[in-house]
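Secondary and tertiary structure notes
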Amino acid sequence: MSEIDQLHHAELPTSADLNETPLKIAIIGGGLSGLFTATLLEQAFAKQSDATPNAQITIFEKSRSVGRLATRYRTDDKTGKNWQCSFGAQFFTAKGESFNTFIADGITSGLLQPWLADVVTLTPTDIDEPVKIETKEQWDHKHARYVSTPKMTSWGRELADKLQHTTIQFTTRVAPLAQYGRLQTNTQTELFDDNGESLGHFDWVICTAPNAQAIELMADSGFAECAKIMQPKMLACYTLMLGWDATQSLPDALAQQALPKWDVAYIQDSILDRLFIEHQKPNHDQLLPSVTIHASNEWSEQHVDEEIDSIKAQLLAAAQQALHWNMQTAPSQVDCHRWRYASTVIDDKKPLGVLLDIDHQWIVSGDWCDRGNIESAYQMAEEVVAAIVHKH
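Residues take numbers from 1 onward in each chain, read along the sequence in its written order. Only residues with pLDDT of 70 or above have their local features reported here, since the model is predicted, and side-chain atom pairs are shown and tallied only from 80 upward, although totals for entire chains, interfaces and linings are computed over all residues. In computing side-chain properties, one takes all heavy atoms of the structure into account and sets aside hydrogens as well as water.

1. Some points on the overall build of the chain
Note on conventions: DSSP H or I runs of at least 4 residues are helices, E runs of at least 2 residues are strands, and numbering of each starts at the N terminus. The secondary structure content of the chain amounts to 10 helices and 21 strands. With C-alpha atoms as the basis for the radius of gyration, the globule rule is written as 2.2 Å multiplied by the number of residues raised to the power 0.38. A compact globule built from 392 residues would reach a C-alpha radius of gyration of about 21 Å, and the chain, at 23 Å, matches this within 12%. When its C-alpha atoms are laid out on the principal axes, the chain stretches across 75 × 45 × 45 Å. Only protein chains enter the accessibility calculation, which uses a 1.4 Å probe; a residue is then buried when its area is under 20% of its type maximum, exposed when over 50%, and partly exposed in between. Burial status across the chain gives 53% buried among its 392 residues.

As structure tokens, then:
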């Protein structure tokens, strides 16, 4: 077992074991990897008898929000109701004991709910033939898939709101570490934004960005594990989002008349991969009819640099072939999004784990260091915290 594996499987020390001097820790990226890391750092460095923690954490996030469980919605002016699509991760699983413990409060509060979806396979057919839908499985409590309610973004915001000793700086792009002169002073690293303004000095710098962005941040910096960052391959994904004005406007395949009841479809023989009916998720019944469709990663990667309008037209044609709408049942809302780094390709090799440079006290982490899912983000956050606590 490697040193990092030993750290990952060891219990984190209590606050009594930690250095009394507060550490300054920078986390680049406010996605779930960054939020999990900040949460676990606060827990590990908490002090029971003093309001001052043993760590001061700053998250630098380039966008205006946290969490990355992206939700896009539009409001109907007439009814005030929303079309809503979770155009990032649709759900997550929890297999390990530690992660199940971590999400337990969210389940108890109702923020996180199991999605007991009916799953089918859907094979596109000619427009004059019936839609081919066959029952595949039903998701159950034993192998639960969880969603965040009322939006997938709600969980990330809840995690951010609960942070007590972490500052989040939004719309802040951290410059590559090698861009602005001397990297370290008195063992600390000075970070800068993309305008060359100092963001402060930090004992530890943790990068949780996708690997293509991580390599840009760490290039020519002297990071000991730079060569490993691009080993995992990440594939793109296009997402098509559709909405209808009322259930009466839905095509038959979605209205589910004389068809197996279904919530999720694996689409066969198509550039499309999976379809999710948003308004049938837990606590989503007030939504206007909304559907999210993910294209296949392979097709998305092959077309990743095409104009988005061309992509939207191709996806819309494929969706119409799958769902058989006509003039009266066509969607009234259409949107499309491109994810350049959506899926981590796992081969027979062991996942990387977090990449650690003890001399500089820099860490590169993220779900892509493991298996690319949300639980992987949590497991990598555990490894990061174990490594920092072990050093101190």
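2. Description of the packing of aromatic side chains
The rule is short: rings of Phe, Tyr and Trp, with Trp giving its six-membered ring, pair when the centres are within 6.5 Å, and they are stacked under 30 degrees, edge-to-face over 60, tilted in between. Summed over the entire model, instances satisfying the criterion amount to 18 aromatic pairs. For the ring pair Trp244 and Trp325, a centre distance of 6.3 Å and an interplane angle of 75° mean the geometry is edge-to-face. Note that Trp244 is positioned in the loop between strand S15 (233–243) and helix H7 (252–255) and Trp325 in the loop between helix H9 (308–323) and strand S19 (333–345), a separation of 81 residues in sequence. When its relative accessible area of 0% is taken as the criterion, Trp244 is described as buried. Members of the aromatic cluster, joined through ring pairs, are Phe36, Phe92, Phe99, Phe102, Tyr146, Trp155 and Tyr378. Should the NZ of a Lys or the CZ of an Arg lie within 6 Å of a ring centre and within 35 degrees of the ring normal, that charge is described as sitting over the ring. In this arrangement the basic side chain of Lys281 is found over the ring face of Trp115, its NZ or CZ atom lying 5.2 Å from the centre.

3. Quick word on the packing of helix H3 (residues 97–109) against helix H10 (residues 374–391)
For any two helices packed against each other, the geometry is given by the interaxial angle and the distance between the axes. Axes here refer to lines fitted to C-alpha atoms; in helices the fit is confined to the stretch in contact. Angles between the N-to-C directions go from 0 to 180 degrees. Where H3 contacts H10, the two axes come as close as 10 Å, and the packing angle between them is 100°. When the interaxial angle is binned, H3 and H10 end up roughly perpendicular. Between H3, through Ser98, Phe99 and Phe102, and H10, the contact on the second element is made entirely by Ile374, Glu375, Tyr378 and Glu382. Residue polarity follows a fixed list, in which Ala, Val, Leu, Ile, Met, Phe, Trp, Tyr, Cys and Pro are nonpolar, Asp, Glu, Lys and Arg are charged, and the others, Gly among them, are polar. Of the residues assigned to the contact of H3 with H10, the class counts are 4 nonpolar, 1 polar and 2 charged. Every angle not falling under 35 degrees, over 145, or within 65 to 115 is termed oblique; those three ranges are roughly parallel, roughly antiparallel and roughly perpendicular. Contacts: residue pairs with any heavy atoms within 4.5 Å of one another.

4. Describing the side chain of Glu382
Looking at where Glu382 falls in the secondary structure, it is placed in helix H10. Of the side chains with opposite charge, Arg371 lies nearest to the buried Glu382, which makes no salt bridge, at 14 Å. Within the structure, the side chain of Glu382 is placed 2.5 Å from the side chain of Ser98, a separation counted as a polar contact. Under the convention used here, Asp and Glu are negative, Lys and Arg are positive, and both His and the chain ends fall outside the count. Within this document, salt bridges are pairs made up of a side-chain nitrogen of Lys or Arg and a carboxyl oxygen of Asp or Glu, the two lying within 4 Å of each other. As used in this structure description, the phrase polar contact means that two N or O atoms lie within 3.5 Å; if the pair is within protein, one of them must be able to donate a hydrogen and the other to accept it, and residues adjacent in sequence are counted only when both atoms belong to side chains.

5. Let's talk about unusual backbone geometry
With an omega of 0°, the peptide bond between Thr149 and Pro150 qualifies as cis. Secondary-structure assignment places Pro150 in the loop between strand S9 (145–148) and helix H4 (153–162). Positive phi is not limited to glycine here, since Thr171 has a value of about 45°. Positive phi outside glycine occurs at His324, with the angle close to 60°.

6. As for the sheet that holds strand S16 (residues 264–267)
Between any two strands, at least two bridges found by DSSP are needed for them to pair. Read from one edge of the open sheet, 7 strands run S8-S7-S16-S17-S18-S15-S19, paired in mixed fashion. The open sheet has two edge strands, strand S8 (132–138) and S19, and neither has a second partner. The mean angle between the axes of side-by-side strands here comes to 25°, regardless of whether they run parallel or antiparallel. The pairing of S15 with S19 spans 10 bridges and is classified as antiparallel.

7. Notes on the packing of helix H2 (residues 32–44) against H10
The N-to-C vectors of H2 and H10 enclose an angle of 40°; their axes lie 8 Å apart at closest approach. In terms of axis orientation, H2 runs oblique to H10. In this structure, the crossing between H2 and H10 has a hand that is right-handed. The residues of H10 that touch H2, namely those facing Leu32, Ser33, Phe36, Thr37, Leu40, Leu41 and Ala44, are Ile374, Ala377, Tyr378, Ala381, Glu382, Val384, Val385, Ile388 and Val389. Of the residues assigned to the contact of H2 with H10, the class counts are 13 nonpolar, 2 polar and 1 charged. The crossing is said to be left-handed when, going from far helix to near helix, the turn is anticlockwise and less than a right angle, and right-handed when the turn is clockwise.

8. Thoughts on the state of the cysteines
Note that a disulfide, as used here, is simply two cysteine sulfur atoms within 2.5 Å. One pass over the full model with this rule turns up 0 disulfides. This cysteine, Cys85, is not joined by any disulfide, and Cys336 carries the nearest cysteine sulfur, 12 Å off. For Cys85, a relative accessible area of 5% corresponds to the buried category. Left unpaired, Cys369 is separated from the closest cysteine sulfur, that of Cys207, by 9.1 Å.

9. Quick notes on the nonpolar core
Put simply, a nonpolar core is a bunch of buried Ala, Val, Leu, Ile, Met, Phe, Trp, Tyr and Cys residues held in one set by side-chain atoms that sit within 4.5 Å of each other. Formed by 76 residues in total, the largest nonpolar core has its most connected members in Phe36, Phe99 and Trp155. Broken down by element, the residue count for this core peaks at 10 residues, all from H10. If we skip the residues at most four places from it in the chain, Phe36 touches Phe99, Phe102, Trp155, Leu159, Ile374, Ala377, Tyr378 and Ala381.

10. Description of the sheet that holds strand S6 (residues 112–114)
Judged by pairing direction, the sheet is antiparallel, and its 3 strands sit side by side in the order S5-S9-S6 without closing on themselves. At either end of the open sheet lies a strand with only one pairing partner, and these are strand S5 (92–93) and S6. Direction of pairing for S6 relative to S9: antiparallel, over a ladder of 3 bridges. Looking at S9, one finds that Pro114 is bridged to Tyr146.

11. Considering H2
For H2, with 13 residues, the first-to-last C-alpha span of 18 Å sits near the 18 Å given by 1.5 Å per residue. With 12 of 13 residues buried, H2 lies mostly within the body of the structure. The span one expects for a helix is its residue count, reduced by one, times 1.5 Å.

12. A word on the pattern of salt bridges
Going through the model one piece at a time under the given rule, you end up with 9 salt bridges. The shortest N-O distance in the salt bridge between Glu225 and Lys228 comes to 3.3 Å. Because the salt bridges share partners, they merge into one network encompassing Arg72, Arg74 and Asp335.

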